[in-house]
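# Structural description and commentary
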Amino acid sequence: MTPAIKAAQKAKIEYIVHEYIHDSKVDSYGEEAAQALGIDTHQVFKTLLVSAPELKDKVAVGIVPVCGQLDLKAIARQLKAKKVVMANPQEAEKITGYVVGGISPLGQKKRLQMVLDETALNFDTIYVSAGKRGLEIELKPSDLIALCQAEVNNIRK
């Protein structure tokens, strides 16, 4: 059981864990999850870390659909930073406690500032990593927002 699943259990929210066989040769973990589970790529969200010196913890999290890209200028505006860059993978793993491709917004080692793309609100449920490659958790966007104290805005390209 991953910290993400434990966080969902502890919060007593409704969720479903979906497991699939991860192919280590894939380039896009999120698109792999969508295809393996037969879900639209607009409903599966990836968790990305950005960094900037003026951010409270020097890093923050952007959660966007796997079919799109994180708009660095848009998330910088939302975070009130001059400019953000993608955090390097090793830093992201160290900070969150998860491996790249399995980074969940839930159950991270430290609560970071998070921004969820507004398209999540178009769905009754969305899918995010459950804390390891090959594992997704399906939950209501409102529950994700509440558990992560996430802000919601347009942060995708």
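A few points on the structure. (Residues numbered from 1 in each chain as written. Predicted model: local features only at pLDDT ≥ 70, side-chain atom pairs only at ≥ 80, totals over all residues. Heavy atoms only, no water.)

## Some thoughts on unusual backbone geometry
- Although it is not a glycine, K58 adopts a positive phi angle of roughly 70 degrees.
- Among the secondary structure elements, K58 is positioned in the loop between β2 (45–51) and β3 (59–65).
- For K58, a relative accessible area of 46% corresponds to the partly exposed category.
- Phi is positive for K80, which is not a glycine, with a value near 60 degrees.
- Here K80 lies in the loop between α3 (72–79) and β4 (85–86).
- For K80, a relative accessible area of 72% puts it in the exposed group. (Helix = DSSP H or I, 4+ residues; strand = E, 2+ residues; numbered from the N terminus. Buried < 20%, exposed > 50% of the residue type's maximum accessible area, 1.4 Å probe, protein only.)

## So, the nonpolar core
- Ranked by internal contacts, the top residues of the largest apolar core, which has 28 residues, are I63, L116, V128 and L144.
- Of all the secondary-structure elements, those providing two or more residues to this core are α1 (3–11), β2, β3, β5 (114–117), β6 (126–132), β7 (135–139) and α5 (141–148).
- Within the second largest apolar cluster, 14 residues are counted, among which are A52, A60, L79 and V84. (Core = buried A, V, L, I, M, F, W, Y, C linked by side-chain atoms within 4.5 Å.)

## What to know about the sheet that holds β4
- Taken together, the 5 strands give an open sheet; going across it, the order is β4-β2-β3-β5-β8, and neighbouring strands pair in mixed fashion. Lying at the two open borders of the sheet, with one neighbouring strand each, are β4 and β8 (151–153).
- Where β5 and β8 come together, 3 bridges link them in parallel fashion. Residue pairing for β8: V115 is matched across the bridge by E151. (Pairing = 2+ DSSP bridges.)

## Digging into the pairing of β3
- In terms of burial, β3 is largely enclosed, as 7 of its 7 residues are buried.
- Relative to β3, β2 runs antiparallel, the two sharing 7 bridges. Looking across to β3, one finds that F45 is bridged to P65.
- Bridge count between β3 and β5: 3 bridges; the pairing is parallel. For G62, the partnering residue across the bridge sits in β5 and is V115.

## Digging into the side chain of D143
- Mapped onto the fold, D143 is located in helix α5.
- It is K140 that comes nearest to the buried, bridge-free D143 among opposite-charge side chains, at 5.0 Å. (Lys, Arg positive; Asp, Glu negative; His and termini not counted. Salt bridge = Lys/Arg side-chain N within 4 Å of Asp/Glu carboxyl O.)

## Here's the deal with the pattern of salt bridges
- Summed over all chains, the structure comprises 2 salt bridges.
- Note that K110 is salt-bridged to D57, the shortest N-O span being 2.8 Å. Taken together, the positions of K110 in the loop between α4 (89–96) and β5 and D57 in the loop between β2 and β3 put the pair 53 residues apart, joining distant regions of the chain.
- Residue classification places D57 among the buried positions, given a relative accessible area of 17%.
- Close ionic contact of D117 with R156 constitutes a salt bridge, the shortest N to O distance being 3.2 Å. Within this pair, whereas D117 is found in strand β5, its partner R156 is found in the segment after β8, the two being separated by 39 residues in sequence.

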